[in-house]
Amino acid sequence: MQMPDPDASILARKARIVSRLQAVLAQGAVISDESETRAYECDALTAYCCPPLAAVLPSSTKEVSAVLKICHEEGVPVVPRGSGTSLAGGALPTADSVILGVARMNDVLETDYDNRFIRVQTGRTNLSVTGAVEENDFFYAPDPSSQLACAIAGNIAMNSGGAHCLKYGVTTNNLLGVTLVLMDGTIVELGGAHLDPAGLDLLGVICGSEGQLGVVTEATLRILRKPEDARPVLMGFDSNEVAGACVSDIIKAGVLPVAIEFMDRPILEIAENFSGAGYPECEALLIIEVEGSDAEIEEQLDKILSIARQHNPVELREAQSSEDAQRIWLGRKSAFGAVGQVADYMCLDGTIPVSELPRVLTGITELSNKYGLRVGNVFHAGDGNMHPLIMFDANKPGDLELCEEMGAEVLRLCVEVGGCLTGEHGVGIEKRDLMTDQFTTEDLEIQMAVKDVFDPKWLLNPAKVFPLATSETRRSQQMAAE
Amino acid sequence: MTVVSQMPAVTALSPSSEAELAEVIGSATSALHIQGGGTRSFASVAADTVLNTGGLAGISLYEPGALTLVAQAGTKLSDIQEALSAEGQRLAFEPADIRGLVGVEGQSTIGGVIATNASGPRRIQAGAARDFTLGVRFVDGKGTVLKNGGRVMKNVTGYDLVKLLSGSWGSLGVLSEVSLKTQPIPETQACVLINGLSILEAVQVMSQALGSPYELTGAAHAPAGVDGHPVTMLRIEGFEGSVSYRASKLAELFGTYDVSIETDPAKVSKGWQWVRDVVLLQDQSGDVWRVSCKPSDAPDLIEKSGAQQSLLDWGGGLAWLRMPAGRDLRTALGGFDGHATLVKGEAASANLPQFHPQPPALATLSQALRAKFDPKGILNPGIMG
């Protein structure tokens, strides 16, 4: 992936910019020493890295505003950063940019059980939002796999999902309001504790805008009462097609499981070797979890199992105890780690109509043979959110490029069958250059026009989301103006 | 395309394809009043030409197993509901039919539903119209055909203009096609009814119920219901065993009140349609306002409003108020977390802004967005401030 060349005039002004930032922030909140800025050189897409000009760690909305105002005046690009867990390069800096990290802003500002919301600073991690309300049996629903580390700021930027969003929706469906700081330092409030927006749904467009429209410093999030209990069931099938048909039938029957997870044979073998979860020998495995009281769980599982039986499963295994449940989830939850033990891998998250599942899985197998790279599929089947893991060897020259090339073909296939490039990870730099496969020039132009409104100088996370050639004119107008 | 001249100096354009729609907008030099079925257009628009989307009709794709339906924007809501119910499905967000309230006739279109983000009682649990809109095709104010989103459940590819277009009242573009997530109709439903609560008690009861693990899909309160007495309604939907379990748990939780359980699904449907369509406030004098607020603020806001009649939905987060004509409710309420919309106004209220005025920074952003999407300023000018 290519990134724009750094602006030499910004690099030349480093000392002045750093000193201006130091003047508005606490001691130690501006990191500019080259040995330390390295800590911010990449996110979870580790194949690409570049230390920023400086990194700042403000501790309030006002400080964020002051930082942005200075960067706006100086014409310095700003890359907002939550916890740096983006798989798409959303927090990758350029050498002439300032990383704005919200990690020090992690307070709970208000908890309101009567109105079922929590207001937090956005540096707070996803899991610790639930942590703040679980003693009262409430939880925050979106649960990305990185929830132990990832920040709410990043969840909002990428509109993150998770295994349980089949029932509870993704971030945008659980976000009620934000405090947003625009690039020129203006602070605006969008939404609040009420349910529908007044005027245009700006909150809706901020969520998922990858830090390109403003910096979200505070968020009002919907919290829900925990269900009484949850129980998974495991089922193995002879083929991917049959497992896919079973998923479709369950959804159509009106059962709404909280999660339907799918693992194919290559992943099953790796996960089984790694975790010893005791998975059956089969082509495709589903893990389906339902919630409620004991009687409600039984009622739903009865329906699910009777549908599954019509598809001649190789195995049906209902958790009889919490140990059983953990065992069923064990292999799934350790699948990524297990693959990481045997190879380097790239994880895609193209999403497809559920009905196209068999066709896309076959297509991925064909591409795997064509490129000679192993692929395992482990994904959220209920909503068609694929996660092909393409395995490669980072030490072998050309293998990363080969893997990227194959990944691009997989994503094009997803688009071709009526799906999209990314279901929950975001575009970042990773899928930036594929945007023209999904959108027309006009479709992209209107999205860029939205950025023009919020960030006319194109300073916020500028080299992301849109192909560089497409955003070139807008990004370079800034340099020309100096 | 049909062009019909209506009563004094109003021309109605009715394109029959997306290409014609683009042509009409691209060549327009004066303001257009965008209309689906005209069943929600209480908003006043400064335009002599009506652009009607009814000619863009038809369901182009329906995959019940994938819970996905794609339809042209002018498709009648009733046609969509019919197609869905044939497969045991529905629109989860339960759009209200406010024709009776506003006093208009005609047929709602799916484009109008999405463009106004019209969401009914199930909004508190399932989500709003915008949450079930997976993708849109639309024509902007320059006549350019654009798309955003798609027909998959999870999609973060580029900016979410689907949300921005939902509830934009035609001010950013005219929808030509929408793709929606559908929902299977649950096996059965029941309603826990509590009689005699004050508004304050009712909001507390609804909060407690919504904060329980028994998963409500509706929580409403009428201070004076059909028989003139206060009634609080809690709806539960799902499989039979589960519904009966949760209803009895809720009845137990509120056992100190006058509580009963309605288990006849037909009666439950009728009761919630009554809430959804605000039947209580139909055919009466005065203005009708819709207040979106923090639920626990509702009792105080209703007190301050001086409303003649009220109906609470969304656990108190949505208050429908009947007010004396011509009085700006916002003045009475002062600043609060939420907003008030004038849904039906008498002649004396013609000068009241229908949409809640926005703080200056937000108004600036909204105006700038409109200028980008509609540089000629021809799409529903005057709507939404």
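About the cut-offs
Residues numbered from 1 in each chain as written. Chains lettered and ligands numbered in written order. Predicted model: local features only at pLDDT ≥ 70, side-chain atom pairs only at ≥ 80, totals over all residues. Heavy atoms only, no water. UniProt positions renumbered as here; feature names shortened; annotations may be inferred. Helix = DSSP H or I, 4+ residues; strand = E, 2+ residues; numbered from the N terminus. Rg over C-alpha atoms; globule rule 2.2 N^0.38 Å. Buried < 20%, exposed > 50% of the residue type's maximum accessible area, 1.4 Å probe, protein only. Contact = heavy atoms within 4.5 Å. Areas by Shrake-Rupley, 256 points an atom, 1.4 Å probe, with all protein chains shown as cover. Pairing = 2+ DSSP bridges. Axes fitted to C-alpha atoms, helices over the stretch in contact; angles between N-to-C directions. Phe/Tyr/Trp six-rings, centres within 6.5 Å; stacked < 30°, edge-to-face > 60°. Disulfide = S-S within 2.5 Å. Buried area = accessible area lost by both parts, 1.4 Å probe. Salt bridge = Lys/Arg side-chain N within 4 Å of Asp/Glu carboxyl O. Nonpolar A, V, L, I, M, F, W, Y, C, P; charged D, E, K, R; others polar. Core = buried A, V, L, I, M, F, W, Y, C linked by side-chain atoms within 4.5 Å. Polar contact = N/O pair within 3.5 Å; in protein donor to acceptor, adjacent residues only side chain to side chain. Domains from an automatic or database assignment. Expected span 1.5 Å × (residues − 1).

Identification of chain B as Putative FAD-linked oxidoreductase from Pelagimonas phthalicica is taken from an unreviewed UniProt entry.

Chain A has the name Putative FAD-linked oxidoreductase in an unreviewed UniProt entry, where Pelagimonas phthalicica is given as its organism. UniProt annotates chain A under Cofactor (unreviewed entry) with the comment "FAD".

Right, let's get into the overall build of chain B. Scanning chain B for helices and strands turns up 11 helices and 19 strands. What you see for chain B is a C-alpha radius of gyration of 21 Å, in line with the 21 Å of a compact globule of 385 residues. Across its three principal directions, the C-alpha atoms of chain B cover 65 × 50 × 40 Å. Counting all 385 residues of chain B, 59% fall into the buried class. For chain B, restricting intrachain contacts to residue pairs at least 6 apart in sequence, the fraction spanning at least 24 positions comes to 70%. Per element, the accessible surface of chain B, about 13,700 Å² overall, is 51% carbon and sulfur.

Turning to the overall build of chain A, a few remarks are in order. Counting its regular elements, chain A contains 19 helices and 18 strands. For chain A, whose C-alpha radius of gyration is 23 Å, the value lies close to the compact-globule estimate of 23 Å for 482 residues. In terms of principal-axis extent, the alpha carbons of chain A reach across some 70 × 55 × 40 Å. Going through the 482 residues of chain A one by one, you find that 63% of them count as buried.

What follows concerns the sheet that holds strand β2 (residues 54–56) of chain A. Residue and element names in this part refer to chain A. One open sheet holds the four strands; their spatial order is β1-β2-β4-β3, and the pairing between them is mixed. Two strands bound the open sheet, and with one partner strand each, they are β1 (30–31) and β3 (78–81). The sheet contact formed by β2 and strand β4 (residues 98–101) spans three bridges and is parallel. If you follow A55 over to β4, its bridge partner there is I99. Helix α4 (residues 61–74) rests against β2, β3 and β4 of the sheet, and its axis sits at about 165° to β4.

In total, this model carries 10 aromatic pairs over all chains according to the counting rule given. Ring centres of A:F466 and B:Y159 lie 5.5 Å apart, and the angle between their planes is 85°; this geometry places the pair in the edge-to-face category. Taken together, the residues A:F466 in the loop between α18 (441–454) and α19 (468–481) and B:Y159 in the loop between β9 (145–149) and α5 (161–165) connect one chain to another. Neither A:F466 nor B:Y159 differs from the other in exposure class; each is buried.

For the rest of this paragraph, the subject is the UniProt feature "domain: FAD-binding PCMH-type" (unreviewed entry) in chain A. Here, UniProt's "domain: FAD-binding PCMH-type" (unreviewed entry) annotation points to residues 48–226 of chain A. Between the end C-alpha atoms of residues 48–226 of chain A the distance is 40 Å, and the span holds 23% helix and 25% strand.

Applying the stated criterion across every chain yields a total of zero disulfides over all chains. Of the cysteine sulfurs around A:C49, a residue in no disulfide, the closest is that of A:C42, at 5.6 Å.

What follows is about the interface of chain B and chain A. How big an interface is tends to be stated in terms of the accessible area lost upon association of its parts. Facing the 75 residues of chain B at the interface are 91 residues of chain A. Regarding the contact of chain B and chain A, the summed buried area is about 6,400 Å², with carbon and sulfur atoms giving 60% of it. Contact with chain A buries area across many residues of chain B, yet B:K154, B:V156 and B:Y159 alone supply 15% of it, more than any other trio. Here chain B is connected to chain A by eight salt bridges. In this structure, A:K303 engages B:E187 in a salt bridge whose closest nitrogen and oxygen atoms are separated by 3.4 Å. For the side of chain B that touches chain A, the elements supplying multiple residues, two or more each, are β9, α5, α6 (199–210), α7 (240–253), β16 (287–293), β19 (338–344) and α11 (360–373) of chain B. For the side of chain B that touches chain A, the leading source of residues is α11(B), giving nine residues. Partitioning the side of chain B that touches chain A into residue classes produces 29 nonpolar, 25 polar and 21 charged.

One recurring pattern in soluble globular proteins: nonpolar side chains tend to sit buried together. Ranked by size, the top nonpolar core spans 127 residues in total, and within it A:M235, A:L286, A:F454 and B:F373 carry the most contacts. When residues in this core are grouped by element, the largest group, eight residues, is from helix α16 (residues 399–416) of chain A. Sequence-distant contacts of A:M235, defined by excluding residues within four places in its chain, comprise A:C246, A:A284, A:L285, A:L286, A:I288, A:I304, A:L305, A:A308, A:E315 and A:L316. Counting 58 residues, the second-largest nonpolar core is a separate cluster that includes B:I124, B:W274, B:A298 and B:V343.

Residue and element names in this part refer to chain A. Using the criterion set out here, one finds 50 salt bridges over all chains in the structure. For the salt bridge of R265 with E281, the shortest nitrogen-to-oxygen distance reads 3.4 Å. Of this pair, R265 sits in helix α11 (residues 265–275) while E281 is found in the loop between α11 and β14 (284–292), placing the two residues 16 residues apart along the sequence. Under the relative-accessibility criterion, R265 is labelled partly exposed at 23%. A relative accessible area of 62% places E281 in the exposed class. What emerges from the salt-bridge pattern is a single network uniting R13, R16, R20, K69, E73 and E74.

Our next topic: the environment of A:E73. Residue and element names in this part refer to chain A. Among the secondary structure elements, E73 is positioned in helix α4. Residue E73 is classed as partly exposed on the basis of its relative accessible area, which comes to 47%. For E73 and R104, which are 31 residues apart along the polypeptide, the C-alpha to C-alpha distance reads 24 Å.

The next point concerns the sheet that holds strand β6 (residues 117–121) of chain A. Backbone-to-backbone hydrogen bonds join strands into a sheet, with any given pair of strands oriented parallel or antiparallel. All names here are of chain A. An order of β5-β6-β10-β8-β9 is seen for the five strands of this open sheet, with the pairing classed as antiparallel. Sheet topology places β5 (108–112) and β9 (187–191) at the edges, where each strand pairs with a single neighbour. Each strand axis lies, on average, 10° off the axis of its neighbour in the sheet, ignoring direction.

All names here are of chain A. Mapping R432 onto the fold places it in the loop between α16 and α17 (435–438). At a separation of 2.7 Å, a polar atom in the side chain of R432 contacts the main-chain carbonyl oxygen of Q2. Apart from the residues lying within four places of it in its own chain, the contact partners of R432 are M1, Q2, M3, V427, A463, K464, V465, F466, P467 and L468.

Residues and elements named next belong to chain B. Under the domain assignment, chain B is made up of domain 1 (2–52), domain 2 (59–184), domain 3 (188–276) and domain 4 (279–349). Placing the centre of domain 3 and that of domain 4 at their C-alpha centroids yields a distance of 23 Å. Across the domain 3 to domain 4 interface the summed buried area is about 1,100 Å²; carbon plus sulfur atoms make up 68%. When the buried area of domain 3 at its contact with domain 4 is split by residue, I199, V203 and W274 rank highest and sum to 40% of it. Taken together, the links from domain 3 to domain 4 amount to zero salt bridges.

To continue, consider helix α12 (residues 294–309) of chain A. The terminal C-alpha atoms of α12(A) lie 22 Å apart, and with 16 residues this matches the ideal 22 Å at 1.5 Å per residue to within 8%. Next to the buried residues of α12(A) lie β12 (229–237), α10 (240–252), β14 and β15 (315–318) of chain A together with α7 of chain B.

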